[in-house]
Amino acid sequence: MQIVNYQKELDKLIKKIEQGTDEKAPTLFLHSCCAPCSSYVLKYLRKYFAITVFYYNPNISERAEYEKRVEEQKRLIQIYNAQLADKPVNPKAEGFPGYPIAIVEGDYDCENFYKFAAPLANCPEGGERCFLCYELRLRKTAQLAEEGSFDYFGTTLTISPLKNAAKLNEIGLKLEQEMSGTKESRQDGMTLGTPKWLVSDFKKKEGYKQSIELSHEYNLYRQDFCGCVYSKAERDRISKRSISRIREDNGENIIVIKRKP
Ligand code: SF4
């Protein structure tokens with residue numbers, strides 16, 4: 001099976017946007033899992049897209065943790081938008097920092113998560129439960145992107161070395177196709193009014209490393225478990241017997257688990 005480098009695909013798209021003559025920036029409805037993961041992604045993409053962050057994560061346990069993460073997301077966006085004051089607004093100008101970022105908060109409808117996740121409680125992180133969890137969040141993102149006539153929809157999730165970027169892109173592309181299947185095709189092969197999936201693998205080009213640095217810079221709350229009650233239990237089990245760390249090596253992330261002797 002051919003392995004696709006989704007970062008290279010994104011590079012090509014960005015080049016096209018940079019060389020284009022469109023006065024308006026393409027709009028992007030971007031699902032975000034948390035402030036730390038979005039820190040690098042927003043800084044990188046805001047130069048090319050008018051972004052609306054969609055904070056939709058009903059997988060997070062419990063509500064207090066959810067609230068903490070969403071508040072941190074809003075705080076980061078405020079910081080980024082404040083950086084635009086007195087800066088060039090023309091994207092072709094030197095020092096253009098990017099477009100303002102908006103945010104939409106989704107519902108905390110966790111019953112939709114538990115419907116499929118509870119029977120998969122013992123599934124290890126990175127398995128089937130996670131794939132369904134990705135799809136739950138991306139499906140809602142796609143639906144609202146379509147309703148809001150966005151040009152693109154995407155997710156910050158591909159920045160995490162613990163997330164399966166190939167699977168995330170596969171789901172995103174499937175959703176794009178599902179939506180375009182209901183629309184009239186144009187002669188050039190594009191479809192009218194269908195948001196396109198923004199392919200990505202943000203951990204490449206040291207994206208993950210930069211997200212850690214930005215999290216330190218803005219003093220962002222960095223949780224040490226993915227989000228759901230099952231990942232929290234797994235975190236508790238691991239932290240009892242080992243210390244795990246992640247390091248970055250030429251854009252490829254390697255998980256190093258050091259067990260206590
Ligand atoms: S571990 Fe993370 S991605 Fe997997 S099901 Fe739980 S919250 Fe979702």
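Residues numbered from 1 in each chain as written. Predicted model: local features only at pLDDT ≥ 70, side-chain atom pairs only at ≥ 80, totals over all residues.

What follows covers the overall build of the chain. The helix and strand tally for the chain stands at eight helices and seven strands. Relative to its full complement of 261 residues, the chain shows a buried share of 36%. Within the chain, counting contacts between residues at least 6 apart in sequence, those at least 24 apart form 70% of the total. (Helix = DSSP H or I, 4+ residues; strand = E, 2+ residues; numbered from the N terminus. Buried ≥ 20, exposed ≤ 12 C-beta atoms within 10 Å, placed from the backbone. Contact = placed C-beta atoms within 7 Å.)

Turning our eyes to something else, we now look at the site of the ligand. In the region of the ligand, the neighbouring residues are Asn59, Ala117, Glu125, Arg129, Cys130, Cys133, Cys226, Gly227, Cys228, Tyr230 and Ser231. Among the secondary structure elements, those contributing two or more residues to the shell around the ligand are α5 (128–147) and α8 (229–241). In terms of residue count, the dominant contributor to the shell around the ligand is α5 (three residues). Residue classes in the shell around the ligand are distributed as six nonpolar, three polar and two charged. (Near = placed C-beta within 6 Å. Nonpolar A, V, L, I, M, F, W, Y, C, P; charged D, E, K, R; others polar.)

Before going further, it helps to spend a moment on the packing of helix α2 (residues 35–45) against helix α3 (residues 63–82). Where α2 meets α3, the closest approach of the two axes is 9 Å, and the angle between their N-to-C directions is 25 degrees. With respect to their mutual orientation, α2 and α3 come out roughly parallel. By crossing handedness, the relation of α2 to α3 is classed as right-handed. Residues Ala35, Ser38, Ser39 and Leu42 of α2 form the contact with α3, whose own contacting residues are Glu72, Gln73, Leu76 and Tyr80. Looking at side-chain class alone, the contact of α2 with α3 contains four nonpolar, three polar and one charged residues. (Axes fitted to C-alpha atoms, helices over the stretch in contact; angles between N-to-C directions. Parallel < 35°, antiparallel > 145°, perpendicular 65-115°, else oblique. Left-handed = near helix turned anticlockwise from the far one by under 90°.)

Time to look at the pairing of strand β3 (residues 102–105). For strand β2 (residues 50–55) and β3, the ladder comprises four bridges, and the chain directions are parallel. Counterpart to Phe54 in the pairing with β3 is Val104. Following the chain from β2 across α3 to the adjacent parallel β3, one finds a crossover that is right-handed. (Pairing = 2+ DSSP bridges. Right-handed = clockwise from strand over helix to strand, strands pointing away.)

Working note: regular strand, side chains alternate between the two faces of the sheet. The two faces of strand β4 (residues 152–155) match: Tyr152 and Gly154 on one face and Phe153 and Thr155 on the other face are all buried. Taken together, the four bridges between strand β1 (residues 27–32) and β4 define a ladder with parallel strand orientation. Looking at the pairing, Phe29 lines up with Phe153 of β4. Two elements, β4 and strand β5 (residues 196–197), share two bridges in a ladder whose sense is parallel. Bridge assignment links Phe153 to a residue of β5, and that residue is Trp197.

Another point: the environment of Cys110. Checked against the element boundaries, Cys110 lands in helix α4 (residues 110–117). Separated by 51 residues in sequence, Cys110 and Asn59 place their C-alpha atoms 6.0 Å apart.

Core analysis: the largest hydrophobic core is formed by 57 residues, its most contacted members being Leu28, Val41, Leu45, Ile51 and Phe153. For Leu28, the contacting residues outside a window of four places in its chain are Leu45, Phe49, Ala50, Ile51, Phe150, Asp151, Tyr152, Gly154 and Leu198. (Core = buried A, V, L, I, M, F, W, Y, C linked by C-beta atoms within 7 Å.)

This part is about the confidence of the model for the chain. When pLDDT is averaged along the chain, the result is 89, and 87% of the positions lie at 70 or above. Between residues 243–261, whose pLDDT stays under 50, and residues either more than four places distant or in other chains, the model counts 28 contacts. (pLDDT = per-residue confidence, 0-100.)

Our next topic: the sheet that holds β3. An order of β3-β2-β1-β4-β5 is seen for the five strands of this open sheet, with the pairing classed as parallel. Bordering the open sheet on either side are β3 and β5, each of which pairs with just one other strand. For β1 and β2, the ladder comprises six bridges, and the chain directions are parallel. Looking across to β2, one finds that Leu30 is bridged to Val53.

Now for the packing of α4 against α5. For the pair α4 and α5, interaxial distance at closest approach is 10 Å and the crossing angle is 150 degrees. As far as their axial angle goes, α5 and α4 are roughly antiparallel. Our pair here, α4 against α5, has a crossing hand that is right-handed. The residues of α5 that touch α4, namely those facing Asn112, Phe113, Phe116 and Ala117, are Arg129, Leu132, Cys133 and Leu136. When grouped by side-chain class, the residues that make up the contact of α4 with α5 number six nonpolar, one polar and one charged.

All right, on to helix α6 (residues 165–180) then. Compared with an ideal rise of 1.5 Å per residue, which puts 16 residues at 22 Å, α6 spans 22 Å between its outermost C-alpha atoms and is within 8% of the ideal. For α6, every residue scored as buried is listed here: Ala165, Leu168, Asn169, Ile171, Gly172, Leu175, Glu176 and Met179. Projected down its long axis, α6 carries its buried residues within an arc of 160 degrees, all on one side. Set apart from the buried face of α6 by more than 90 degrees, the exposed residues are Gln177 and Glu178. Residues of α6 that are buried in the fold lie against α1 (6–19), α5, β4 and β5. (Expected span 1.5 Å × (residues − 1). Arc of directions from axis to C-beta.)

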